[in-house]
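Chain residues, written in single-letter form:
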Amino acid sequence: MEFILYLLKVNIALVLFYGVYHILFQQDTFFQGRRLALWTIICISFLYPTIDFTRQLIVRQPLKDILEAAHISVYSLPEIIITENTNAPVNFLPQALLVIYILVSVLLLVRLLFQIGAVRVKLRHADKKVLFGQTVYESFGIETPFSFFHWIVLDFSRYSPTELQEILLHETAHVQQKHSMDMVGAEFMCILCWFNPFAWLLKTEIRMNLEFLADRSVLSSGCEAEHYQLHLLRLSYPKAAAKITNNFNVSLLKKRIFMMNKKQTSHRSRWKFALILPVVAMLLFFNSTFQTKAMPTHEMNSQPNLSTAQDEPIVKDSVQIYSLVDIRPQFPGGDVALMNWLAENIVYPKESAEKGVQGRVILQFVVNPDGSIGDIEVLKSLDPLCDNEGIRVVSVMPKWTPGELDGKPVSVYFMLPIMFQLQPVEKPAK
């Protein structure tokens, strides 16, 4: 279930970031900046669900450590653990969704490996040659030139020397700028988020931006733009070698030609990249808020309210109540007898167990000078039924031996942690 929630958060971020990218960056010519922005937003999308400031701020410590850290001295009883088997119905929908997700992801991963294998096969049957001082692989009959990491593959016989030079400049740019890493990364993003159409749109944006970068390198080398664009039009129809490769005639050619002819965007427009930060802040806030709402009550309330437990006596109804005394109060038979009595009398609320509620309730009560129990308060709540069960049992305790200060019986604070803990039902052996 946690993994499904993680994927949900990742894909919400991808949708948001794609919208921001499409509105702010799609028409500018900051191709290197766009490359960085695309990978920044993808990395943030996968990382932000793991960052929860709420959990960092909440201190989760044993009660003893909390008291010591706060320099509080109060009589705290050993924690009593109340267990209950639960026959609550199991929801198989999350497991079914997870199985479907894994199956499709595995199929897409197999497809990716098959594509890489297809490239390796082409390389194995290609002839290693040198073209204009660059190592390339000649593969007869290949319709579209392509590059994959440091390999460049093409059919020399299909092109004129000028066209071969343009192709080589284009594919060399892909190789030198390590564009295949972007393509493989985009494939893995789609494998993990295959059900999200915006992940596939981001993959298209990544591929297209890489072509913009390669086209710019060709034109920067001195190639005539009109001739290069006519060359692209001539190559626009053959089928690509493999979708994992950087292809010389990648689709959406109209946008490539438009970007080649577009006036360079002013450097003043770089401020737009800073607008990613508010989106990041919003996602982090969303994640922390979501975690707070989804967090079990026993985690949200990990620190009990200890405002009434002080070294100095508290005055209630003209009665002084102490947290430290010379002789502490005692349950008849001692703490072991108390734990046994609590275990016999506290009942796990059936409704709470059926709802899967479990966690810690911390009660505070006062042992009065006559040994009776009073002023019962919930310092840390779990749910109303468990809270009330704890209050009910404490209120019917037998009288204690009262505590003493300076030889006189006095009212003394006590703290009792009760852990309500579910246990899975054990199936009978066949």
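Residues numbered from 1 in each chain as written. Predicted model: local features only at pLDDT ≥ 70, side-chain atom pairs only at ≥ 80, totals over all residues. Heavy atoms only, no water.

## Some details on the overall build of the protein
Right, so step 1: Of regular secondary structure, the protein possesses 15 helices and 13 strands.
Right, so step 2: The long-range share in the protein, meaning contacts at least 24 apart out of those at least 6 apart in sequence, stands at 78%.
Right, so step 3: Approximately 22,700 Å² of the protein is accessible, and the part contributed by carbon and sulfur atoms is 61%. (Helix = DSSP H or I, 4+ residues; strand = E, 2+ residues; numbered from the N terminus. Contact = heavy atoms within 4.5 Å. Areas by Shrake-Rupley, 256 points an atom, 1.4 Å probe, with all protein chains shown as cover.)

## Focus: the side chain of Lys-380
Right, so step 1: Turning to its location among the elements, Lys-380 is positioned in strand S11 (residues 373-380).
Right, so step 2: In this structure, Lys-380 is buried with no salt-bridge partner, the nearest side chain bearing the opposite charge being Glu-79 at 7.9 Å.
Right, so step 3: Engagement of the side chain of Lys-380 in a polar contact is seen with the backbone oxygen of Arg-360, the distance being 2.8 Å. (Buried < 20%, exposed > 50% of the residue type's maximum accessible area, 1.4 Å probe, protein only. Lys, Arg positive; Asp, Glu negative; His and termini not counted. Salt bridge = Lys/Arg side-chain N within 4 Å of Asp/Glu carboxyl O. Polar contact = N/O pair within 3.5 Å; in protein donor to acceptor, adjacent residues only side chain to side chain.)

## Here's the deal with helix H5 (residues 93-124)
Right, so step 1: Taking 1.5 Å of rise per residue, 32 residues should cover 46 Å, and H5 covers 46 Å from first to last C-alpha, within 8% of that figure.
Right, so step 2: Against helix H1 (2-24), strand S4 (134-138), strand S5 (146-148), strand S6 (151-154), helix H7 (179-192) and helix H8 (197-220) lie the buried residues of H5. (Expected span 1.5 Å × (residues − 1).)

## Looking at the pairing of strand S3 (residues 127-131)
Right, so step 1: When S3 meets S4, the two strands line up antiparallel, connected through 5 bridges. Residue pairing in the sheet places Asp-127 in a bridge with Glu-138 of S4.
Right, so step 2: Once S3 ends, the chain turns through 2 residues before running back antiparallel as S4, passing Phe-132 with a positive phi of about 50°. (Pairing = 2+ DSSP bridges.)

## Structural notes on a nonpolar patch on the surface
Right, so step 1: Residues Leu-8, Ile-12, Leu-16 and Met-282 make up a contiguous nonpolar surface patch of about 320 Å² in total accessible area.
Right, so step 2: A total of 3 residues in the nonpolar patch trace back to one element, the largest contributor, which is H1.
Right, so step 3: Relative to the helices and strands, Met-282 is located in helix H11 (residues 276-294).
Right, so step 4: On the accessibility criterion, Met-282 (45% relative accessible area) is partly exposed. (Patch = residues over 30% accessible without salt bridge, like charges linked within 9 Å, V, L, I, M, F, W, Y side chains within 5 Å.)

## Focus: the pattern of salt bridges
Right, so step 1: Across all of its chains, the model carries 13 salt bridges by this definition.
Right, so step 2: Linking Glu-187 and Lys-203 is a salt bridge whose minimum nitrogen-to-oxygen distance equals 2.6 Å. Linking Glu-187 in helix H7 with Lys-203 in helix H8, this pair joins segments that are 16 residues apart in sequence. Accessibility classification places Glu-187 together with Lys-203 in one group, the buried group.
Right, so step 3: Residues joined by salt bridges that share partners form a network here, namely Asp-28, Arg-34 and Lys-272.

## Section: unusual backbone geometry
Right, so step 1: Even without being a glycine, Lys-178 presents a positive backbone phi close to 55°.
Right, so step 2: In this structure, Lys-178 sits in the loop between helix H6 (161-176) and H7.
Right, so step 3: Of note, Asp-406 is a non-glycine position whose phi angle comes to about 55°, a positive value.
Right, so step 4: Secondary-structure assignment places Asp-406 in the loop between strand S12 (403-405) and strand S13 (408-424).

## What to know about the packing of aromatic side chains
Two aromatic rings, taken as a pair, are described by how far apart their centres are and by the angle between their planes.
Right, so step 1: Per the stated rule, a full pass over the model turns up 18 aromatic pairs.
Right, so step 2: A centroid spacing of 5.2 Å and a plane angle of 40° characterise the contact between Phe-31 and Phe-212, whose relative ring orientation is tilted. Of this pair, Phe-31 sits in helix H2 (residues 31-47) while Phe-212 sits in helix H8; the two residues are 181 residues apart in sequence, bridging distant segments of the chain.
Right, so step 3: Its relative accessible area of 4% is what places Phe-212 among the buried residues.
Right, so step 4: With a centroid separation of 5.9 Å and 65° between ring planes, the pair formed by Phe-365 and Trp-400 is classed as edge-to-face. (Phe/Tyr/Trp six-rings, centres within 6.5 Å; stacked < 30°, edge-to-face > 60°.)

## Side note on the confidence of the model for the protein
Right, so step 1: When pLDDT is averaged along the protein, the result is 82; 82% of the residues meet or exceed 70.
Right, so step 2: Confidence, expressed as mean pLDDT per element, reaches its minimum in the protein at helix H12 (residues 297-300) with 41 and its maximum at H7 with 95.
Right, so step 3: pLDDT under 50 marks residues 66-72. Its contacts with residues more than four places away, or in other chains, come to 12 contacts. (pLDDT = per-residue confidence, 0-100.)

## Quick look at the environment of Pro-409
Right, so step 1: Relative to the assigned elements, Pro-409 resides in strand S13.
Right, so step 2: C-alpha separation for the pair Pro-409 and Arg-328, spaced 81 residues apart in sequence, amounts to 9.8 Å.

## Points about the packing of H7 against H8
Any two packed helices are characterised by the angle at which their axes cross and by the distance between the axes.
Right, so step 1: Between H7 and H8, the shortest axis-to-axis distance is 9 Å and the interhelical angle comes to 175°. Comparing the axis directions of H7 and H8 gives the class roughly antiparallel. Between H7 and H8, the residues in contact are His-179, Asp-182, Met-183, Ala-186, Glu-187, Met-189 and Cys-190 and Ala-199, Trp-200, Leu-202, Lys-203, Ile-206, Arg-207, Leu-210, Leu-213 and Ala-214, respectively.
Right, so step 2: Each residue belonging to the contact of H7 with H8 can be placed in one class, and the counts come to 11 nonpolar, 1 polar and 4 charged. (Axes fitted to C-alpha atoms, helices over the stretch in contact; angles between N-to-C directions. Parallel < 35°, antiparallel > 145°, perpendicular 65-115°, else oblique. Nonpolar A, V, L, I, M, F, W, Y, C, P; charged D, E, K, R; others polar.)

## Points about the packing of H1 against H8
Right, so step 1: Two numbers describe how H1 lies on H8: the axes approach to 9 Å, and their chain directions differ by 40°. When the interaxial angle is binned, H1 and H8 end up oblique. In this structure, the crossing between H1 and H8 has a hand that is left-handed. In this structure, H1 contributes Leu-14, Val-15, Tyr-18 and Tyr-21 to the contact, and H8 contributes Phe-198, Ala-199, Leu-201, Leu-202 and Glu-205. (Left-handed = near helix turned anticlockwise from the far one by under 90°.)

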